[in-house]
Amino acid sequence: MPLSEESDSPSATVHTPARLESTDPATGDVVGVFPVHDADAVRATVERARAAAERWAALGYAERRLRLAAYRGHLARRLPELADLVHRENGKPHDDAVLEVTLAVDHLAWAAGHAARTLGPRRVRPGLLAANQAAYLEYRPLGVVGVIGPWNYPVFTPMGSIAYALAAGNAVVFKPSEHTPAVGAWLAAAWRAAVPDVPDAVQVVTGYGETGAALCRAGVGKIAFTGSAPTGRRVMATCAETLTPVLMELGGKDAMIVDDDADVAAAADAAVWGAMSNAGQTCIGIERVYATSAVYDRFVGEVTRRVADLEPGSHDRAAYGPMTMAGQGDVVRRHVADALAAGGRLVAGGTVDGRFVAPTVLLDVPETSAAVREETFGPTLTITRVADAEEGLTRANASSMGLGGSVFSGSAARAMDLARRMRSGMTSINSVLTFASVPALPFGGVGDSGFGRIHGEDGLREFSRAKAITRQRFALPVPLMSFARPAPAARTLARVTGLLHGRHR
Ligand code: NAD
């Protein structure tokens, strides 16, 4: 049944005829109809959130933790219903949607359970020069956090910001992608049902880019943006108008390095999952593999054998679903054509049938071609032969993006060394994407993949501001910061500094 947000939506008081229709990418069936919120509606929503933010922050960590647990419980109990909605609106297989919601619930639990310890007040050492002071540090909430999300993981991705922002004491106004507004509306309705005493701490505004831009201008404490780099640039420019801080979670072109002594079958299995699951529409999906000469042929054989069994579709046995956005098939077509024109070889797939893209494997594509340089966001993989893992690392790092990545190696020490030197925010060794499922680990990229972090302690701090306080315990016999300072004080200070620090060369 199509969902509708007509009655209790923020735009109920705004007379705008604009409506947003969300459809099932596999069937074209209407999933729901939602308002397109204009700037006034967005501002009104943020104002309600501002009031809720004060109440939410005043509850304190323990009371917030109880309510976040109620939200988590609500999501867990209705997991099949939410997974079904994700399946219908985004197109991914139902089981993948279950995994996505499960991960989001786990993050919610971690964020709620670690907020007090990470952000709460603590005393820090005042140091010698301020020995008469007690020094305190705490992390205060920002107020209202605006979350602008994509459609590819419509629960997990925004929850990476929403859960951590809430746990840090903020209210949230969430602008889901225009391709997945029903999931966004469901998440906000779930909040109202689970936490009825602070219903406006999580609200949703729906619409296209203009609604997102209005959220950037609405006076929020921070915008947490997840999406493509071109849109990220526009979001930053809009936020610059009001000096609104931004968190940028952008696209990736993640690489896997397969070393001489790697478990080749395991690497191939992981590469195929990393590249093809969710129809390749994964920001941390594996899009490039650099396999050493020693394992290249075996690796290509294992990958092509595995992808032969993969069938895209919207039925129960489908490995992955349709492309969520109609135009995404054209991007895949362009990248494949460009790769082949440049001398690459196609060993699997390469075909696009409506919204469904066959699992596609390209070999020896020049590093200058779009299939290696640009985010494809489809079920495609390039595999390139390299002399050794070091060359693989150099090529992996020669990207403007740096989100995640993977290293397969038989040596833990060698793999750790490669992982450390990989120019990305996250790396999995002997697996793919696993860093995203560890709530304690921060998630985010470098370069064109963005900046700032969700998840983990860094993710909690991302949605707060450090507050420093000193409290004088007793007056110094010789006041240093006073016009009453005696003349010799500076000379004594210079002598002490020389004794303490002067011996270091
Ligand atoms: P997108 O950039 O097209 O849109 C993202 C969101 O921004 C949508 O909600 C959209 O309505 C909104 N938006 C568009 N124009 C805007 C504007 N001018 N001002 C404010 N908001 C605006 O991205 P998408 O197609 O929804 O998502 C796919 C991209 O997201 C891929 O590049 C993918 O790699 C990336 N992604 C990154 C992460 C990460 O954590 N780094 C996670 C998931 C997806």
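Please refer to the structure higher up on the page.
Residues numbered from 1 in each chain as written. Predicted model: local features only at pLDDT ≥ 70, side-chain atom pairs only at ≥ 80, totals over all residues. Heavy atoms only, no water.

Participant: Mind showing me how you'd approach the site of the ligand here?
Facilitator: Neighbouring residues of the ligand: 28 residues in total, closest Lys175, Glu178, Thr231, Leu250 and Glu375. A distance of 2.8 Å separates an oxygen atom of the ligand from a polar atom in the backbone of Gly149. Taking Glu375, its side chain carries an N or O atom lying 2.6 Å from an oxygen atom of the ligand. Its free accessible area being 860 Å², the ligand has 90% of it covered by the protein chains. (Near = heavy atom within 4 Å. Polar contact = N/O pair within 3.5 Å; in protein donor to acceptor, adjacent residues only side chain to side chain. Areas by Shrake-Rupley, 256 points an atom, 1.4 Å probe, with all protein chains shown as cover.)

Participant: Help me out: how do you make sense of a nonpolar patch on the surface in this one?
Facilitator: Side chains of Leu128, Val496 and Leu500 sit close together on the surface and give an oily, nonpolar patch of about 260 Å² of accessible area. Mapped onto the secondary structure, Val496 falls in helix 15 (residues 489–501). Val496 sits in the partly exposed class, given a relative accessible area of 37%. (Patch = residues over 30% accessible without salt bridge, like charges linked within 9 Å, V, L, I, M, F, W, Y side chains within 5 Å. Salt bridge = Lys/Arg side-chain N within 4 Å of Asp/Glu carboxyl O. Helix = DSSP H or I, 4+ residues; strand = E, 2+ residues; numbered from the N terminus. Buried < 20%, exposed > 50% of the residue type's maximum accessible area, 1.4 Å probe, protein only.)

Participant: How should I be thinking about the sheet that holds strand 22 (residues 450–451) in this particular structure?
Facilitator: Strand pairing in a sheet is mediated by backbone hydrogen bonds. Such pairs are either parallel or antiparallel. Read from one edge to the other, the open sheet built from six strands follows the order 8-7-6-9-10-22, with strand pairing classed as mixed. Two strands lie at the open edges of the sheet, namely strand 8 (202–204) and strand 22, each paired on one side alone. Relative to strand 8, strand 7 (residues 171–175) is paired through three bridges, and the arrangement is parallel. Pairing of Phe174 across the sheet is with Val204, part of strand 8. Sitting on the sheet, helix 1 (residues 39–77) touches strand 6 (144–148), strand 7 and strand 8, and the angle it makes with strand 7 is about 150 degrees. (Pairing = 2+ DSSP bridges. Contact = heavy atoms within 4.5 Å. Axes fitted to C-alpha atoms, helices over the stretch in contact; angles between N-to-C directions.)

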